[in-house]
Amino acid sequence: MRSARKLLVTAAAATAALVALPGCSGGAPAKDEPAARSSPSELARYTAAPGTADATQSPAANASTQCVKTAGMNAERLTAYLKELRGTSGAYQSQGLTLNSEGLNFAPDATQRPCTAIEVKLTRYWVDLKQIREETPVSAARFEYTYTLIDVTSHKVGPRNGSVPDSAPPAGSDCQGSLSVVHVGDDITLRSLPSDLELSDTTTPVPVEVGAEGVLSAVYVSPSGVVSC
């Protein structure tokens, strides 16, 4: 199933905030319509990250290593646990579960990692831009952008350190960026997607807020160019 959400936006010469404007064409999607159904991926696809001390041994197999029992946690408790799970880097507010340019990565502190693998969802969208008014000396260019679902997949992470194959945010192109969201629980609905994305000179994924329950992390890849949109 493919769904799209259209909004009108304005942009300055180099960067500008994308904001929702009234009067957009295409209409609003059904409020409670899920993005898509999840398709499971096997634990075998979860590979140990190179160079990590815990890459080959589950903490559950080591009596001297503590772990957190996540079996039976509802979506709310699991979300809180994963958000508070600290990473091994030691940096302030480092996260054990991250989504970056390489994809979904799991490297938590050894004393707080789960005893068993945890299933999370990864939902990805194309963000297409179309210029509907050119820039003038007194006004910024005006764009319409549309969310289009790419896929929704389920992945198991942990208890070992590792990265999920084929989970990297899709690369942007002229007039097209992407949005990737990792979450637990219900599917993401289009109404919860951000309306304040920004055009950028870089296509490096940047963190954004997605206002839906169960969201753990979300990143946006800006289009590589919008001049010809």
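Residues numbered from 1 in each chain as written. Predicted model: local features only at pLDDT ≥ 70, side-chain atom pairs only at ≥ 80, totals over all residues. Heavy atoms only, no water.

With that settled, consider the environment of Glu-213. The residue Glu-213 is located in the loop between β10 (206-207) and β11 (215-221) in this model. Classification of Glu-213 as exposed rests on a relative accessible area of 77%. In this structure the C-alpha to C-alpha distance between Glu-213 and Val-184, which are 29 residues apart in sequence, comes to 8.3 Å. (Helix = DSSP H or I, 4+ residues; strand = E, 2+ residues; numbered from the N terminus. Buried < 20%, exposed > 50% of the residue type's maximum accessible area, 1.4 Å probe, protein only.)

Take the layout of surface pockets next. Looking at the largest pocket, its volume works out to about 370 Å³. Lining the largest pocket are 16 residues, with Val-208, Glu-209, Leu-216, Ser-217 and Ala-218 sitting closest to its centre. The greatest single-element share of the lining of the largest pocket, amounting to five residues, is contributed by β11. Considered class by class, the residues forming the lining of the largest pocket number eleven nonpolar, three polar and two charged. (1 Å grid on protein atoms, 1.4 Å probe; cavity = no way out; pocket = protein on both sides within 12 Å on 5 of 7 lines; lining within 4 Å. Points joined across faces, edges and corners; volume = space filled by probe spheres on them. Nonpolar A, V, L, I, M, F, W, Y, C, P; charged D, E, K, R; others polar.)

This brings us to the pairing of strand β5 (residues 103-106). Pairing geometry for strand β4 (residues 97-100) and β5, over four bridges, is antiparallel. Bridge assignment links Leu-99 to a residue of β5, and that residue is Leu-104. The turn joining β4 and β5, which pair antiparallel and follow one another in sequence, is formed by two residues. (Pairing = 2+ DSSP bridges.)

Okay, the pattern of salt bridges next. In the structure shown here, the tally under the stated rule is two salt bridges. Taking the shortest distance from any N to any O, the salt bridge between Asp-187 and Lys-121 comes out at 3.0 Å. Here Asp-187, found in the loop between β9 (176-183) and β10, pairs with Lys-121, found in strand β6 (residues 118-133); they are 66 residues apart in sequence, far enough to count as distant. Taking the relative accessible area as the measure of exposure, Asp-187 reaches 13% and is therefore buried. By relative accessible area, Lys-121 is classed as buried at 15%. Between Arg-124 and Asp-151 there is a salt bridge; the shortest N-O distance is 2.9 Å. Here the residue Arg-124 occupies a position in strand β6, and Asp-151 occupies one in strand β7 (residues 141-157), the gap between them amounting to 27 residues. Given the relative accessible area of 13%, Arg-124 is considered buried. (Salt bridge = Lys/Arg side-chain N within 4 Å of Asp/Glu carboxyl O.)

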